[in-house]
Amino acid sequence: MNYRRMIYFACVSFLPVLSVHSQNRPMKQWSDEEYQAWALTFYAPRTSQWSFGKTTAGVDRKAEGIVRGNRIEARVANFGSIGAPRRFPSVVWPKGTGRSMGYEFGPIAGAQVRALNGDTVQILSDALIDGGERQNPRRPTGNVMGWEPLPGYAADRPNESVAISTKLTTWPPAWQPDGWPGRFGRGVITADEESYWLMDDRHNDEFEYYPLQNGADSIRGLGVELTCRTYQFAAGPAQDILFLMYELKLRSDCKPLSKVAVAMVGDPHIGGPADFGDDYAGFDSTRNMVYAYDAPGSTNDYGVPNVGYLGFMFIRRDSSWLPLTSFNAPRYGSVSASDDARMWQLLTPNLRPGDPPPIIEQNADNLFIFSSGYFTLQPGQSQRFAIAILMGNDLPHLTQNADFALRLAQSDFQFPSPPPPPIVKGFAGDKRVTLYWDGVQSENAIDPVTRERDFEGYRVYRSDNNGVTWGKPITDNRGNQVMWEPLAIFDLANGWQGTHPEESAPGVHYYLGDNSGLKYVYVDSSLELRN
């Protein structure tokens with residue numbers, strides 16, 4: 001697709017210690033006091049002798065950050081968790097509304113191996129807090145029999161965030177000279193916002209299995225590491241998609257794995273954190289997608305008529321990317337991610353003719369477990385897989401976003417994005433705001449897709465509700481909001497004008513402008529008096 005790039009910016013119009021005996025019950029059943037006592041002991045960094053983010057004794061590398069590069073706002077942690085119990089925001093859509101769609105999710109990798117005593121065992125590493133290995137870390141080290149973050153992928157304290165491409169303060173110093181370590185090279189940022197970290201399973205010593213070929217016990221688990229990236233694109237067709245990009249690698253000095261599976265496990269909260277007991281589940285095996293929605297006609301925590309759908313899709317870009325092979329949605333509390341043997345059973349393929357039927361609890365607080373397997377890993381070999389978190393107003397909108405996610409992946413995520421924003425200054429007056437901007441860096445930027453200077457213009461938007469909306473909505477041919485109507489368009493006079501002939505999304509054609517010429521000041525005199 002041949003797009004001209006626009007600048008987007010906005011003027012916003014208004015300037016005691018307790019015992020943790022509760023761990024034998026599901027975390028959602030804990031009182032606030034019980035959860036706080038657990039968090040102080042096991043979770044809060046630097047507040048106790050040890051915490052469960054360590055990879056070596058005395059070092060806490062646990063980090064969390066908020067990604068909000070489009071309409072999905074999510075908490076991500078460098079031990080793999082997407083969302084977190086009793087923490088806000090967890091997984092929110094649309095951004096700025098406070099409407100929670102998810103409780104907690106995270107990747108799992110597992111394999112069937114032969115233990116030292118000759119028994120066949122299944123070893124899985126998870127990323128979950130509630131019901132996962134993180135709920136009960138080991139004393140006195142604080143190590144977790146699951147994923148642990150590797151050093152060197154985030155700035156040191158006082159930073160407590162994962163590395164995010166748009167926040168230089170989260171980058172470790174080693175990245176500063178050469179830029180963001182993108183998937184396509186140093187300094188190459190693929191999406192409008194990305195995050196990046198690595199983790200491995202070296203502390204997962206639940207079973208007597210030693211992955212190193214020489215039999216040494218210096219590492220445990222399966223000897224695998226997981227590279228993790230998130231991608232978010234702000235443009236309309238991709239604004240409701242969060243890409244989770246994973247690469248599972250077996251260390252070159254470890255034993256081969258003949259039966260491996262990967263999965264995502266977690267808990268939807270459609271309708272809010274107090275409305276999780278009436279969720280429904282479905283799947284679309286042709287799209288490699290599973291999804292959750294609220295009971296039809298039910299109420300929710302937010303008093304709105306429709307909270308929408310949450311979906312997850314294994315992205316099968318080509319035959320080397322993993323497909324969805326199983327899906328189960330048992331009742332919350334009936335299984336824990338830390339139960340390796342039971343979880344392995346639930347990863348058994350069940351979507352083909354002749355497979356055992358999925359376990360799906362409807363109108364309930366259900367737990368999503370969806371996976372891909374089985375495959376092999378040889379020493380030094382990697383396997384990529386990608387999962388898209390999808391949001392939609394209804395099932396047709398969700399499937400439309402799923403189809404666009406696949407289309408974007410098939411283009412290797414080469415998607416038009418705006419150039420760097422201009423330097424903007426705003427001045428308040430009597431019922432007016434005046435904006436001035438310097439666009440030198442914007443107008444001279446090189447498009448990472450076309451490798452050209454293809455700047456096209458500026459658009460001005462205003463939000464009256466702290467970024468939830470940005471003017472009048474522009475919808476597609478199904479009534480789904482895909483863009484906002486700008487207050488002003490300043491279009492470069494260069495011959496490119498009018499409606500773009502190609503669709504940027506189903507039913508959407510981008511309006512380039514009318515060659516009106518560039519300006520560097522805008523006065524908004526439409527403001528009303530506000531308290």
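Residues numbered from 1 in each chain as written. Predicted model: local features only at pLDDT ≥ 70, side-chain atom pairs only at ≥ 80, totals over all residues. Heavy atoms only, no water.

**Quick word on the overall build of the protein**
What counts is decided by this rule: Starting at the N terminus, helices and strands are each numbered in turn, a helix being any DSSP run of H or I of at least four residues and a strand any DSSP run of E of at least two. Categorising residues by exposure relies on relative accessible area from a 1.4 Å probe, with only protein chains included: less than 20% of the type maximum marks a residue as buried, more than 50% marks it as exposed, and the intermediate range marks it as partly exposed. Here the Shrake-Rupley method, with its probe set to 1.4 Å, supplies the accessible areas, and only the displayed protein chains count as covering residues.
Looking only at helices and strands, one finds four helices and 31 strands in the protein. Within the protein, buried positions represent 56% of all 531 residues. As displayed, the protein offers around 22300 Å² of accessible surface, 50% of which is attributable to carbon and sulfur atoms.

**Things to note about the pattern of salt bridges**
Basically, it comes down to this: Salt bridges are identified by distance alone: a Lys or Arg side-chain nitrogen within 4 Å of an Asp or Glu carboxyl oxygen.
Under the defined criterion, the tally for this structure stands at 22 salt bridges. Across the pair aspartate 253 and arginine 251 runs a salt bridge whose closest N-O atoms are separated by 2.8 Å. We classify arginine 251 as partly exposed; its relative accessible area is 29%.

**Observations concerning the sheet that holds strand β23 (residues 423-429)**
We apply this condition: Whether two strands pair comes down to DSSP finding at least two bridges between them. Under this scheme, a helix contributes an axis fitted over its contacting stretch, all axes are lines through C-alpha atoms, and angles between N-to-C directions fall in the 0 to 180 degree range.
Across the sheet, three strands lie side by side as β23-β24-β31; this open sheet has antiparallel pairing. Single-partner strands in this sheet number two, and they are β23 and β31 (521-524). Strand after strand, the sheet turns through a mean of 15 degrees between neighbouring axes, direction not considered. Looking at chain direction, β23 and strand β24 (residues 432-438) are connected through seven bridges and run antiparallel. Bridge assignment links isoleucine 423 to a residue of β24, and that residue is aspartate 438.

**Topic: the pairing of strand β14 (residues 224-232)**
Along β14, eight of the nine residues are buried, which leaves the element largely enclosed by surrounding structure. Bridge count between β14 and strand β15 (residues 241-250): eight bridges; the pairing is antiparallel. Across the sheet, cysteine 228 pairs through a bridge with tyrosine 246, a residue of β15.

**Details of unusual backbone geometry**
In this structure, proline 158 follows arginine 157 across a cis peptide bond, with omega equal to 15 degrees. Secondary-structure assignment places proline 158 in the loop between β9 (148-149) and β10 (163-164). Here glycine 373 and tyrosine 374 are connected by a cis peptide whose omega angle stands at 10 degrees. On the secondary structure map, tyrosine 374 appears in strand β21 (residues 368-377).

**Regarding the confidence of the model for the protein**
Short version of the rule: Known as pLDDT, the predictor's per-residue confidence is scaled from 0 to 100. Working rule for contacts: check all heavy atoms of both residues, and any pair within 4.5 Å makes them a contact.
This prediction gives the protein a mean pLDDT of 88; 90% of its residues lie at or above 70. Note on residues 10-22: pLDDT is under 50 here. Beyond four places in sequence and across chains, it has 28 contacts. Note that residues 46-58 has pLDDT below 50 and, in this model, 48 contacts with residues that lie over four places away or in other chains.

**Some details on the packing of aromatic side chains**
Threshold: Only Phe, Tyr and Trp rings are paired, with Trp represented by its six-membered ring, and only when their centres lie within 6.5 Å; those with planes under 30 degrees apart are stacked, over 60 edge-to-face, the remainder tilted. Whether a charge lies above a ring is judged from NZ of Lys or CZ of Arg, which has to be within 6 Å of the ring centre and within 35 degrees of the ring normal.
Scanning all chains against the criterion turns up 29 aromatic pairs. Taking 5.5 Å as the distance between ring centres and 25 degrees as the angle between the ring planes, the aromatic pair formed by tyrosine 280 and tyrosine 293 counts as stacked. In this pair, tyrosine 280 is assigned in strand β17 (residues 279-284) and tyrosine 293 in strand β18 (residues 289-294), connecting sequence segments 13 residues apart. Considering the side-chain rings of phenylalanine 314 and phenylalanine 385, the 6.4 Å spacing of their centres and the 35 degrees angle between planes classify their relative orientation as tilted. Taken together, the positions of phenylalanine 314 in strand β19 (residues 309-314) and phenylalanine 385 in strand β22 (residues 382-392) put the pair 71 residues apart, joining distant regions of the chain. A single burial state applies to phenylalanine 314 and to phenylalanine 385, both of which are buried. Positioned above the aromatic ring of tyrosine 103, the side-chain terminus of lysine 28 is 4.8 Å from the ring centre.

**Quick notes on empty space enclosed by the protein**
This is how it is decided: Lining residues are defined by having an atom within 4 Å of a point belonging to a cavity or pocket. Those points lie on a 1 Å grid over the protein atoms alone, cavities being sets where a 1.4 Å probe fits but cannot get out and pockets being open sets with protein on both sides within 12 Å along at least five of seven lines. Grid points are joined across faces, edges and corners, and a volume is the space filled by probe spheres set on the points. Gly is put with the polar residues, along with every residue not named as nonpolar or charged; the nonpolar set is Ala, Val, Leu, Ile, Met, Phe, Trp, Tyr, Cys and Pro, and the charged set is Asp, Glu, Lys and Arg.
For the largest cavity, the calculated volume is near 60 Å³. Lining the largest cavity are ten residues, and of these Gly236, Pro237, Gln400, Asn401 and Val482 sit closest to its centre. By residue number, the principal contributor to the lining of the largest cavity is helix α3 (residues 395-410), which donates four residues. When grouped by side-chain class, the residues that make up the lining of the largest cavity number five nonpolar, four polar and one charged.

**Observations regarding a nonpolar patch on the surface**
Rules: Only residues whose relative accessible area exceeds 30% and that take part in no salt bridge are eligible for patches, with like-charged residues grouped when within 9 Å of each other and nonpolar side chains (Val, Leu, Ile, Met, Phe, Trp, Tyr) grouped when within 5 Å.
Among the surface-exposed residues, Phe427, Tyr436, Val521 and Val523 lie close enough to one another that they form a single nonpolar patch of about 350 Å² accessible area. With respect to the secondary-structure elements, tyrosine 436 resides in strand β24. When its relative accessible area of 43% is taken as the criterion, tyrosine 436 is described as partly exposed.

**Quick notes on the environment of aspartate 340**
Tracing the sequence through the fold places aspartate 340 in helix α2 (residues 340-346). Judged by its relative accessible area of 2%, aspartate 340 is buried. With 218 residues separating them along the chain, aspartate 340 and glutamine 122 place their C-alpha atoms 6.4 Å apart.

**Comments concerning α3**
Our working definition: Here the expected span of a helix is defined as 1.5 Å times the quantity of residues minus one. Any pair of N or O atoms that falls within 3.5 Å is considered a polar contact. Within protein, one atom must be able to donate a hydrogen and the other to accept it, and sequence-neighbouring residues count only if both atoms are side-chain atoms.
In this model, α3 (16 residues) spans 23 Å end to end at C-alpha, consistent with the 22 Å of a helix rising 1.5 Å per residue. Within α3, the full set of buried residues consists of His397, Leu398, Thr399, Gln400, Asn401, Ala402, Phe404, Ala405, Leu408 and Ala409. For α3, the side-chain oxygen to backbone nitrogen distance between the N-cap and histidine 397 is 2.9 Å, and the N-cap itself is aspartate 394. Two residues or fewer past α3, aspartate 412 is found with a positive phi of approximately 60 degrees.

**A short note on the nonpolar core**
Put simply, the rule is: Put simply, a nonpolar core is a bunch of buried Ala, Val, Leu, Ile, Met, Phe, Trp, Tyr and Cys residues held in one set by side-chain atoms that sit within 4.5 Å of each other.
In this structure, Leu248, Leu257, Phe368, Phe370, Phe385 and Ile387 are the most contacted members of the largest nonpolar core, which totals 60 residues. Not counting the four nearest positions on each side in its chain, phenylalanine 368 is found in contact with Phe105, Met264, Val265, Gly266, Pro268, Ala281, Val290, Tyr291, Ala292, Phe327, Asn328 and Ala329.

**Remarks on the side chain of serine 165**
Along the polypeptide, serine 165 turns up in the loop between β10 and β11 (181-182). Residue contacts for serine 165: discarding those within four places in its chain leaves Trp171, Trp180, Ile189, Asp192, Glu193 and Glu194.

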